[in-house]
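Fold and geometry: a report
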Amino acid sequence: ESFTFMQTPEKPVRRDVFPKDFKAQILRTIPSVVADQRGIREAYYSEPALDPSVNTMASCVRFNARDASGQYAGVKEYAAYYYDGQLNQFVATTGDQCKTANYQPFPELERLCPAGKCN
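Summarised in this report is the structure supplied together with it. Worth saying up front: this structure is predicted, and the values here are computed from it rather than measured.

How each quantity is defined
- Residues numbered from 1 in each chain as written.
- Predicted model: local features only at pLDDT ≥ 70, side-chain atom pairs only at ≥ 80, totals over all residues.
- Heavy atoms only, no water.
- Buried < 20%, exposed > 50% of the residue type's maximum accessible area, 1.4 Å probe, protein only.
- Helix = DSSP H or I, 4+ residues; strand = E, 2+ residues; numbered from the N terminus.
- Contact = heavy atoms within 4.5 Å.
- Disulfide = S-S within 2.5 Å.
- Core = buried A, V, L, I, M, F, W, Y, C linked by side-chain atoms within 4.5 Å.
- Phe/Tyr/Trp six-rings, centres within 6.5 Å; stacked < 30°, edge-to-face > 60°.
- Lys NZ or Arg CZ within 6 Å of the ring centre and 35° of its normal.

Structural notes on helix H1 (residues 22-29)
- Of the positions making up H1, those classed as buried are Phe22, Gln25, Ile26, Leu27 and Thr29.
- The inward-facing, buried residues of H1 abut strand E1 (36-45), strand E3 (56-66), strand E4 (72-83), strand E5 (86-92) and helix H2 (107-110).

So this is what it looks like as structure tokens:
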């Protein structure tokens, strides 16, 4: 007359796992936020660190990419948030999210060549 489904407990999301391949994860995400990935310049990243304001691993990325018309749009800054060591959100920064980021050159992003169509 009555029954219940067997429930399995959800696996908790670990927010303090360092993303080992975070640069590759960022490179795979760039096409979703940049119209033209050729010729990206002024690219920098910060190592992931635990962001106490959101209690998760986060890193920052900034670069100057071309817009849909092929013109450089100016340097833009993004915050990357990781859950269980995987990139979960890649969002444009607003305010001071990356003000304390220790940026390092990101030559892999400057060499990004979508579908091998770069000169």
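Some points on the state of the cysteines
- Scanning all chains against the criterion turns up one disulfide.
- Residue pairing for Cys60: its cysteine sulfur links by disulfide to Cys98, the two sulfurs lying 2.0 Å apart. Because the sign of the S-S torsion sets the handedness, a value of about -90 degrees for the bond joining Cys60 and Cys98 places this disulfide among the left-handed ones. Here Cys60 is found in strand E3, whereas its partner Cys98 is found in the loop between E5 and strand E6 (104-105), with 38 residues between them in sequence. In this pair, the class of Cys60 matches that of Cys98, namely buried.

A short note on the nonpolar core
- Grouped together as the largest cluster of nonpolar side chains are 20 residues, with contacts concentrated most on Ile26, Ile30, Ile40, Val61, Phe63, Phe106 and Leu109.
- If you list the elements that add at least two residues to this core, you get H1, E1, E3, E4 and E5.
- It is E3 that provides the largest number of residues to this core, a total of four residues.
- When residues no more than four places from it in sequence are discounted, the contact partners of Ile40 are Ile30, Phe63, Asn64, Ala65, Leu109, Glu110 and Leu112.
- Ala79, Tyr81, Cys98 and Tyr103 belong to the second-largest nonpolar core, a separate cluster that totals seven residues.

Describing the packing of aromatic side chains
- Applying the stated rule across the entire model yields five aromatic pairs.
- With 5.7 Å between their ring centres and 50 degrees between their planes, Phe22 and Tyr45 make a pair best called tilted. In this pair, Phe22 sits in helix H1 while Tyr45 sits in strand E1, placing the two residues 23 residues apart along the sequence. Accessibility assignment for this pair places Phe22 and Tyr45 in one class, buried.
- Geometrically, the ring pair formed by Tyr45 and Phe106 is edge-to-face, given 5.2 Å between the ring centres and 65 degrees between the ring planes. Of the two residues, Tyr45 is situated in strand E1 and Phe106 in the loop between E6 and H2; the sequence distance between them amounts to 61 residues.
- On the accessibility criterion, Phe106 (0% relative accessible area) is buried.
- Taken together through their ring pairs, the aromatic side chains of Phe18, Phe22, Tyr45 and Phe106 make up a single cluster.
- Positioned above the aromatic ring of Tyr72, the side-chain terminus of Arg41 is 3.5 Å from the ring centre.

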